[in-house]
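Single-letter residue listing:
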Amino acid sequence: MTTAPTPKASIMKIEPYVGGKSKAPGVARVIKLSSNENPWGPSPKAIQAFAEEATHLNRYPDGGHFALREAIGKLHHFPVEQLICGAGSDELLGLLTHAFAGEGDEVLYSVHGFLMYKIYTLAAGATPVSAPEKDLHTDVDALLAAVTPRTKIVFVANPNNPTGTVIPFSEIRRLRAGLPEQVILGLDAAYAEYIDDPAYEAGESLVNEGTNTVVFHTFSKIYGLPALRLGWAFGPAAIIDAMNRIRSPFNVNSAALAAGVAALNDQEYIRDMRIRNADELKRLRHSLKPLGYEYVPSAANFLLVKFGAEEVPIINRFLRHEGLIVREVDAYGLPDYLRISIGTTEENTLLIDALTRYKHDKK
Ligand code: PMP
């Protein structure tokens, strides 16, 4: 008789991450508005760079990601030795957690924060701690009140997913100032590029001020490259060094590296994406108002819309029949809401039409 191996106790506490759905059985055309993707896709220059990589797939990628780090450094004026690249920012969030938190330590985030913070904390054997939010916004006082001598990392996504809300940089600065110096502040800027407000800052100046702050970025959102899995982080050299020690040597593939450089170098395309998203977000908001649906103010490429816990499954089923796939967010403690990613103009029109019909049929 064989005995089944037993995973570490903390691993079995993990609720596996379930991504946005992409199928609606029996529906001819599926419109996926469930994973906060860029519906217009990446820059054509990134697609070309990706395709060119096909001619030398027999070679390992550059394990030091030099060209990509150089391109990021040049665009944002960061020293390359303070940059690290990963297979999505997900991988980097995990590397930071594994490198700095373990048994007996705590990792703190806000209650409707991105689910991977909790998953990586448990994977590292540490204890996840969540702080309440205020009106679905990150609450700096609540986070500071939850800090204990065991706290190793505080994660804040700004804008946050799935709420879409953003807090001013002055609040992020206040959080940093209130944290003990040895606590790492992980600022998740996955949706930062959607913001056009000159007062907004993801938090890079805190890194430059020498505090233990790490800022995470992704190519999965405005850059439109989630299929390639690519992200980067900027932090103090000592923290980046620790993360590098535990990452796998060729964690980012050549096609992702090449497409990433080309995408970064096409900032005109990114500006266009920012404008298109803002226009469509505005149109969706304005269309929801007459239908009587409330939504949470979003600074990103999705909108959290309140339908009420009873109606959420009904409306979700109705939309699925129409081929429109949105995201239930009860796993985030938000059973009253559906999260709807911003689609193309045509896709959003189909969504608005479907919601209008739903509302009309209900009368
Ligand atoms: N942070 C936040 C807040 C996110 O919403 C996501 C993607 N859903 C990620 C990080 C991870 O993105 P990726 O691994 O694709 O870079």
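Calculation criteria
Residues numbered from 1 in each chain as written. Predicted model: local features only at pLDDT ≥ 70, side-chain atom pairs only at ≥ 80, totals over all residues. Heavy atoms only, no water. Buried < 20%, exposed > 50% of the residue type's maximum accessible area, 1.4 Å probe, protein only. Helix = DSSP H or I, 4+ residues; strand = E, 2+ residues; numbered from the N terminus. Contact = heavy atoms within 4.5 Å. Near = heavy atom within 4 Å. Polar contact = N/O pair within 3.5 Å; in protein donor to acceptor, adjacent residues only side chain to side chain. Nonpolar A, V, L, I, M, F, W, Y, C, P; charged D, E, K, R; others polar. Phe/Tyr/Trp six-rings, centres within 6.5 Å; stacked < 30°, edge-to-face > 60°. Pairing = 2+ DSSP bridges.

Participant: Lay out helix 4 (residues 116-123) in plain terms, naming residues and giving numbers.
Facilitator: When you tally the buried positions in helix 4, you get 7 out of 8 residues, the bulk of the element. All buried positions along helix 4 are accounted for by Met116, Tyr117, Ile119, Tyr120, Thr121, Leu122 and Ala123. In the core, the buried residues of helix 4 are packed alongside helix 3 (88-100), strand 3 (106-110), strand 4 (127-131), strand 5 (151-157) and strand 6 (184-188). The first or second residue beyond helix 4 is Gly125, which carries a positive phi of 85°.

Participant: A description of the environment of Leu95 should follow, citing residues and the corresponding values.
Facilitator: Positionally, Leu95 belongs in helix 3. Leu95 gets classed as buried once you look at its relative accessible area, which sits at 9%.

Participant: If you had to explain the site of the ligand to someone new, which residues and values would you point to?
Facilitator: Around the ligand, the neighbouring residues are Gly88, Ser89, Asp90, Phe114, Asn161, Asp188, Ala190, Tyr191, Thr218, Ser220, Lys221 and Arg229. Between the ligand and Asp90 there is a distance of 3.0 Å, counted from an oxygen atom to a backbone nitrogen or oxygen. Here an oxygen atom of the ligand sits 2.6 Å away from a polar atom, N or O, in the side chain of Ser220. In terms of residue count, the dominant contributor to the shell around the ligand is helix 3 (3 residues). Its residues assigned to classes, the shell around the ligand shows 3 nonpolar, 5 polar and 4 charged.

Participant: I'd like to hear about the packing of aromatic side chains, residue by residue, with values.
Facilitator: All told, the structure shown has 12 aromatic pairs when counted by the stated rule. The interplanar angle of 55° and the centroid separation of 5.2 Å between the aromatic rings of Phe318 and Tyr358 together place this pair among those described as tilted. With a gap of 40 residues between them, Phe318 in helix 11 (residues 311-321) and Tyr358 in helix 12 (residues 345-362) connect regions that are remote in the sequence. Each member of the pair Phe318 and Tyr358 is classed as buried.

Participant: Hey, could you go over the sheet that holds strand 9 (residues 294-295) for me, with residue numbers and the actual values?
Facilitator: Spatially, the 4 strands line up as an open sheet ordered 9-10-13-12, and their pairing is antiparallel. The two strands at the open ends of the sheet, each matched to only one other strand, are strand 9 and strand 12 (327-328).

Participant: For the environment of Asp135, give the residues involved together with the corresponding values.
Facilitator: You can see Asp135 is positioned in the loop between strand 4 and helix 5 (140-145). Each C-alpha atom of the pair Asp135 and Thr163 lies 10.0 Å from the other, and the pair is 28 residues apart in sequence.

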